[in-house]
Amino acid sequence: MNSVANITDQLSIDTNGLSALKRQAKGDPRAALKGAAQQFEAVFMQMVLKSMRDATPKEGIFDNEQTRLYQSMLDQQLAQKLSTQGATGLAALMEKQLARGLPSAAAQAVQPADGTAAEASQAVPSATLRTAPAKNPSLLSLPAALAPQTSAAAKEANVPAPAKEFVNRLWPSALEASRATGIPAHFMIAQAALETGWGKSELRNADGKPTYNLFGIKAGRSWNGAVAEAPTTEFVNGVAQKSVERFRSYNSYAEAFNDYASLLASNPRYAGVLNQQDPSAFAKGLQRAGYATDPMYADKLTRIIGGPTLRAGLTG
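Rules and cut-offs
- Residues numbered from 1 in each chain as written.
- Predicted model: local features only at pLDDT ≥ 70, side-chain atom pairs only at ≥ 80, totals over all residues.
- Heavy atoms only, no water.
- Core = buried A, V, L, I, M, F, W, Y, C linked by side-chain atoms within 4.5 Å.
- Buried < 20%, exposed > 50% of the residue type's maximum accessible area, 1.4 Å probe, protein only.
- Helix = DSSP H or I, 4+ residues; strand = E, 2+ residues; numbered from the N terminus.
- Contact = heavy atoms within 4.5 Å.
- Arc of directions from axis to C-beta.
- Expected span 1.5 Å × (residues − 1).
- Bend = angle between axes of the 7 residues up to and from the residue.

**Comments concerning the nonpolar core**
If you look at the biggest cluster of nonpolar residues, it comprises 43 residues, and the most contacted ones within it are Tyr260, Phe282, Leu286 and Tyr291. Where this core is concerned, the elements lending two or more residues are helix H8 (161-181), helix H9 (185-196), helix H10 (253-266), helix H11 (279-288), helix H12 (297-306) and helix H13 (308-315). When neighbours within four sequence positions are excluded, Phe282 is seen to be in contact with Ile183, Phe187, Gln191, Tyr260, Val273, Gln276, Leu301 and Ile305.

**Remarks on unusual backbone geometry**
Leave glycine aside and you will find that most residues have negative phi; peptide bonds, for their part, are mostly trans. Positive phi is not limited to glycine here, since Trp198 has a value of about 60 degrees. Here Trp198 lies in the loop between H9 and strand E3 (227-236). For Asn275, which is not a glycine, the phi torsion comes out positive at approximately 65 degrees. Among the structural elements, Asn275 can be located in the loop between H10 and H11.

**Regarding H12**
Taken as a whole, H12 has its buried residues at Tyr297, Ala298, Leu301, Ile304 and Ile305. Looking straight down H12, one finds that the buried residues subtend no more than 130 degrees of arc, so they occupy a single side. Contact partners of the buried residues in H12: H9, H11 and H13.

**Points about H8**
Relative to the 30 Å expected for 21 residues at 1.5 Å per residue, H8 spans 29 Å between its end C-alpha atoms, a close match to the ideal helical length. For H8, the principal kink sits at Trp171 and spans about 50 degrees; a proline, Pro172, occurs within the next four residues. Those residues of H8 lying buried are Ala163, Lys164, Phe166, Val167, Leu170, Ser173, Ala174, Leu175, Ala177, Ser178 and Thr181. Residues of H8 that are buried in the fold lie against H9, H10 and H13. Trailing H8 by a residue or two, Gly182 shows a phi angle of about 80 degrees, which is positive.

See the structure below:
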């Protein structure tokens, strides 16, 4: 059987490799560590390639969504290939650093085959993988030990603490909504970030208590729940106008996500948004359906989904 550490034989979008890597970590942590380090370097190289693509002027007949999709897939596979060749040396450095915490080969050899004394080795950080949900293959999956876990590490890696806290707070509810809508959880978190300024401008009730309204959903005639009034900006014929509107107030973030999922699932206008895996198509589908009046809404949302702040929050 081929070693999982050699990831060049796999497609970059194949999530089975991560499952195999996790299984291998239980029996041979050192071999699995090499594969995990290469996976991390591949993600890093993909981010570098994406930044280079974003900085390149785009024009002509080949600048369209389909071209960008296949270009992204090519970059993922290229990043994976480069990581196995040690293009940056990052994988080798991380493997050397993290291997210090692994049990020696001799210690592994005396462990019983039934796994009754294997609990200590299973606690090795590099053997623990955080994988994306099956419906969300686009979400980056990183070894937990390779992501910053302390405030000092986060500061050193320039991970925005508010973004990390925002993602962690919403992630369980976003996963539930993802199962109901087929929309990747991080797409919805990005939309909540756009609507609330990463949680800094969440709507409040008159008494100052949170409304948990993450998606700016207004309280129409059919709404029988609590309501909060707040100033907002709407665009009429492309011109921004200030107004005071009534918004829905919830009891929790989970309730807000459930109502958001119900809104999209029950309204035929959003049929093209459900199960959408492409960030740009998701954002444009919302705007075409009339979710927001801001003419730049889709562009703003697409930038957040593919931007470094959300990525840092997801991997931090």
